[in-house]
Every structure is written in structure tokens, then in C-alpha cells.
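# Residue-level structural notes
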Amino acid sequence: MAKIPRIAVVGSANIDLTTFTDRFPKPGETILGQKFNLGFGGKGANQATAAKLCGAAVFMVARVGGDLFGPATIDNFKKIGIDATHVKQVEGVSSGVAPIFVEPSGQNRILVVKGANDELKPADVDAAADLLKAVDCIVLQFEIPLETVYYTVAFARKHRIRCMLNPAPAQPIDFNAVSDLDYFVPNESEAETVIGMPVKNVEDAKKCAEKLLGYGIRRVIITLGANGSLLAGKDGMEHLPAFPVRSIDSTGAGDAFIGSFAVFLGEGLPEREAVRRANLYAGLSTTGIGTQKSFYDRARFDAEWAARSQS
Ligand code: RIB
């Protein structure tokens, strides 16, 4: 029986308002969308959910708003089985929300209003210190204040806890503050923004990963959508292809990758195998609508893996 990894996500929780549309309205124009979906989202909460569905013990450190969405989000964590002891409501601030637009191809565009996520401060990390010191891995994203991200990276380093950062949404970074990360996991556009060079194919991704490794980060994984992912370290780089799927909504696929990867690695799988499984887990998440709602549980995933890893 595999070890049950203990994973903490210090990150965001949003409410996703997803509209499916054939095209985007022009300025001043009103058009009819095709379909609407309301769901629990946020990169942090999505990664926590993927990790929980894959079998980890998961702890969330987050802030939600003093509105209807706040208690609903906390209840959702509890329903999934995520420890929400350190998820607190902030009065007078809205919850994080994300209007999302999905095209017929499954491609998405996301606007995030951070709301209460911006109230997650280093003091909140200190308040959760006992819990955080006891996990195998801490997972971070960029929908909370950067000062909290940097503080948590330093906390993880001090206590020798594996730390993964998903720099999403992308923004300029102080590389000194993240140089000792174990895993830096951007997608192509996030890699482009943080490094300032185009990432249009695997060769570009390799050049970008080279630069990121130059800042001292131990391992870099650049997720490449339907093209799989690039795994890079000082010892070399490898492109690991995606598994074919019928994609209808790619929202949250990066989150599915990170949450599942943290679990596969925490169970003790070799890194390359953990990335291959996370590629499949992320791909499968694009075959359903929404973010958390589209994530597979472990039994369904294992059945798919057994069928596809033979081929
Ligand atoms: O990665 C997908 C997520 O990005 C959505 O759930 C949305 O809330 C934004 O955070």
C-alpha cells in the first residue's frame, strides 16, 4: 500500500462563473452565450481538491469573503474531506471570483478578482505553523499576496519541507525569494511572462527552463497543454508527451496536474513516472466541464492509467 502523503496548500479559493460562448462580444455589443456553470474554483482550492481526490491528506490555508460564497466554500472543503481549520472568513471583503469564458475548442480565458485571497498574510502562515511543519509538501500559487508566497517558500526551506510553486497568474518575480524552491511549475504563457522570452514549442520551453534553473530552482516542470510537459533539472531535460483525450474545457488542467503530481511524488513514485501520471490526470480533467467538478477520483484515474499506460 502506497504512503498517504500529507499536503498543504497555502493559496486561493474562488467561485468560478463559467460561460460557454462561440465568440467574444465586441465593445458595446451584447451576444448570447451557450451555457453557464457555477462552481468552486481558485487555483489553490483546485490543487487541494485534485490532491485529495488522488488520495492525500490535504490541509488548506486560505481566506474567503464575508459574503454568501465564504461559508459555501468552507463547506465545500469539508465535504471533499480537506482540512479547513485554517480557512477563515474575512468580513467586509468579497470572496475571490473568476468570470471564465470557454470557446468551443475548450480553450479558456479567465479574469480573477482576488477579493479575500489578498488578505492571506504571513501571520496566517505563522498561525498554521504547527500544521505546516508536519506535512510532506507545501503547494503555492500567485493568487495570494506575493509577500505571503515568499514567506512560505522561506518557511518550507527552513523546515526542509518539499515546496512547489505554480506562478499563476503570472507576474514578475523576485527570483532571490524563490531560488531554493523544489519545483517551479508554470505553463507556457506563465513561463513566457516570468522569463520574458516566447515559449511556443518544446525547444523554447527547454531554453526557458535553462534560465529558470540558472536562478537556483532545483526542478522545473513546464506544462504544455496538449503537448504534455517538460521536466527539467541540472541533470538534463525530458519532454513527456500528453495522452490523447477528447477535451471540452481545459480550465483547471494545470491545477489538476500540480495537485496530482504532488500526490504521486509523495507516494514515492520516481519523478518521471509521477509526471507521466499527472499528464494523464490533467488531460482527463479537460474531458468534463468546470474545474473541481471535472477532476477524477483515484479509482477512476487508476482504471484509466491501467488501460492507457499499457499502450
Ligand atoms: O486554474 C483555473 C482557476 O483559475 C479557476 O478555478 C479560477 O478560479 C482561477 O483561479
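Just so you know, these numbers come straight off a predicted model, no measurement behind them.

## A word on the packing of aromatic side chains
Evaluated as defined, the whole model comprises 9 aromatic pairs. Between F24 and F101, the ring centres sit 6.0 Å apart and the planes meet at 80 degrees, which makes this aromatic pair edge-to-face. One end of the pair, F24, is in the loop between β2 (14-20) and β3 (35-41); the other, F101, is in strand β6 (residues 96-102), and 77 residues separate them in sequence. Relative accessible area serves as the criterion here: at 26%, F24 is assigned to the partly exposed category. The class for F101 is partly exposed, based on a relative accessible area of 32%. Ring geometry for Y281 and F295: centres 6.3 Å apart, planes at 55 degrees, overall tilted. Linking Y281 in helix α10 (residues 271-285) with F295 in the loop between α10 and α11 (298-308), this pair joins segments that are 14 residues apart in sequence. For Y281, a relative accessible area of 1% puts it in the buried group. Judged by its relative accessible area of 6%, F295 falls in the buried class. Ring pairing ties together the aromatic residues F243, F264, Y281, F295, F301 and W305, which thus form one cluster.

The rules behind each value
- Residues numbered from 1 in each chain as written.
- Predicted model: local features only at pLDDT ≥ 70, side-chain atom pairs only at ≥ 80, totals over all residues.
- Heavy atoms only, no water.
- Phe/Tyr/Trp six-rings, centres within 6.5 Å; stacked < 30°, edge-to-face > 60°.
- Helix = DSSP H or I, 4+ residues; strand = E, 2+ residues; numbered from the N terminus.
- Buried < 20%, exposed > 50% of the residue type's maximum accessible area, 1.4 Å probe, protein only.

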